[in-house]
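An overview of the molecular structure
Listed here are the chains, written in short residue letters.
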Amino acid sequence: MNSALKKVSSRVALALIASACFSPLAQSAELLTDGVFKVGMEVTYPPFESYDSNNNIVGFDPEFSALIAGQLKAKPQLIDTKFTSLILGIGKKYDAVISGMYVTPERQKQADAIPYALSGASIIALKDGPVQPKTEDELCGLKVGLQQGTSWVDSLKKHSDEYCTPNGKPAITILEFPTAPEASQALLSQNTNAQLEIAPAAQILVDKSRGRLAISSTRLVYPMPLGIYVAKGNTQLVDAIKSALVTLKANGKYADIIKKYNLESID
């Protein structure tokens with residue numbers, strides 16, 4: 001090797017070493033436990049997360065958490081927590097929340113959010129029932145059931161106040177339930193007229209209803225980004241997760257999992 005080539009090779013090697021040293025992924029992300037990426041989620045929300053027959057946690061979020069953990073050079077640990085308590089446990093019980101949770105201004109006041117997919121809600125109705133609302137405008141005057149703590153609660157209240165009432169229509173009656181399946185049971189019992197649920201989960205609920213429920217909406221309602229939530233101030237972990245997403249998009253694994261669960265990618 002001539003001297004000029006040796007100098008070029010040396011510069012390339014030094015550049016690679018410097019890049020590795022300053023790469024967020026090369027550094028140890030600020031985790032609660034070294035080598036473990038702890039993720040909070042409520043495991044009652046298929047296809048995002050649920051228990052299989054062997055009591056394993058399966059679904060989009062567990063698989064996505066494992067992909068992120070791999071990029072962080074850590075092992076994933078999934079922690080089942082009530083949806084309404086998830087944000088409160090960030091930085092204490094777990095490093096992040098990945099649980100089909102939308103990015104909203106209210107949640108961003110409590111934690112930092114990294115968008116990782118795009119979805120929206122579907123309206124579920126009794127398959128042969130007299131009410132088949134196609135859009136949120138047709139929910140005026142109806143009893144709408146949904147899971148407690150979801151972003152749809154505020155969205156429906158706002159829609160009722162800003163659309164239904166001003167247009168001389170009855171207000172939307174919003175009924176919250178601890179879980180999405182309980183909201184579906186209320187619909188089946190005709191205690192509600194409709195249910196609002198994130199689209200992939202809505203399809204699962206309909207499929208499990210043995211033909212009794214159907215998706216009545218003709219488009220996504222309130223499309224929003226889903227977010228990975230991290231404790232405010234943990235910029236090291238935020239940067240590491242963002243870098244992980246860049247890598248997963250580049251190697252095709254992001255596109256594969258998004259397609260598998262019928263979600264939309266987000267830049």
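Residues numbered from 1 in each chain as written. Predicted model: local features only at pLDDT ≥ 70, side-chain atom pairs only at ≥ 80, totals over all residues. Heavy atoms only, no water.

Within the structure shown, the criterion is met by 1 cavity of 30 Å³ or more. In this structure, the largest cavity spans a volume of roughly 50 Å³. For the largest cavity, the full set of lining residues is Tyr-45, Phe-83, Gly-100, Met-101, Tyr-102, Arg-107, Thr-150, Ser-151 and Trp-152. For the lining of the largest cavity, the per-class residue count stands at 5 nonpolar, 3 polar and 1 charged. (1 Å grid on protein atoms, 1.4 Å probe; cavity = no way out; pocket = protein on both sides within 12 Å on 5 of 7 lines; lining within 4 Å. Points joined across faces, edges and corners; volume = space filled by probe spheres on them. Nonpolar A, V, L, I, M, F, W, Y, C, P; charged D, E, K, R; others polar.)

Inspection of every chain in the model, using the stated rule, returns 1 disulfide. Cys-140 shares a disulfide with Cys-164; S-S distance 2.0 Å. Sign of the S-S torsion, about -80° for the bond between Cys-140 and Cys-164, identifies this disulfide as left-handed. Of this pair, Cys-140 sits in the loop between strand 6 (111-126) and strand 7 (143-147) while Cys-164 sits in helix 4 (residues 152-164), placing them 24 residues apart in sequence. This pair shows no difference in class: Cys-140 is buried, exactly as Cys-164 is. (Disulfide = S-S within 2.5 Å. Helix = DSSP H or I, 4+ residues; strand = E, 2+ residues; numbered from the N terminus. Buried < 20%, exposed > 50% of the residue type's maximum accessible area, 1.4 Å probe, protein only.)

The next point concerns the layout of surface pockets. Volume-wise, the largest pocket comes out at about 410 Å³. In terms of lining, the largest pocket is formed by 20 residues, of which the most central are Thr-104, Glu-106, Arg-107, Gly-149 and Asp-154. Of all elements in the fold, only helix 3 (105-108) and helix 4 reach the threshold of two or more residues within the lining of the largest pocket. When residues of the lining of the largest pocket are assigned to their parent elements, the largest contribution, 4 residues, is made by helix 4. Here the second largest pocket is characterised by a volume of approximately 190 Å³. In terms of lining residues, the second largest pocket is bounded by Leu-118, Ser-119, Gly-120, Ser-122, Ala-199, Pro-200, Gln-203, Ile-215, Leu-220, Asn-262, Leu-263 and Glu-264. The biggest single contributor to the lining of the second largest pocket is strand 6, with 4 residues. Its residues assigned to classes, the lining of the second largest pocket comprises 6 nonpolar, 5 polar and 1 charged.

Here we come to the pairing of strand 1 (residues 36-41). Taken across its 6 residues, strand 1 has 6 buried, putting it largely inside the fold. Alignment of strand 1 against strand 4 (residues 75-80), held across 6 bridges, turns out to be parallel. The residue of strand 4 that forms the bridge with Met-41 is Asp-80. Of the pairings in the sheet, the one linking strand 1 to strand 5 (residues 96-97) comprises 2 bridges and is parallel in character. The partner of Val-39 across the bridge, within strand 5, is Ala-96. (Pairing = 2+ DSSP bridges.)

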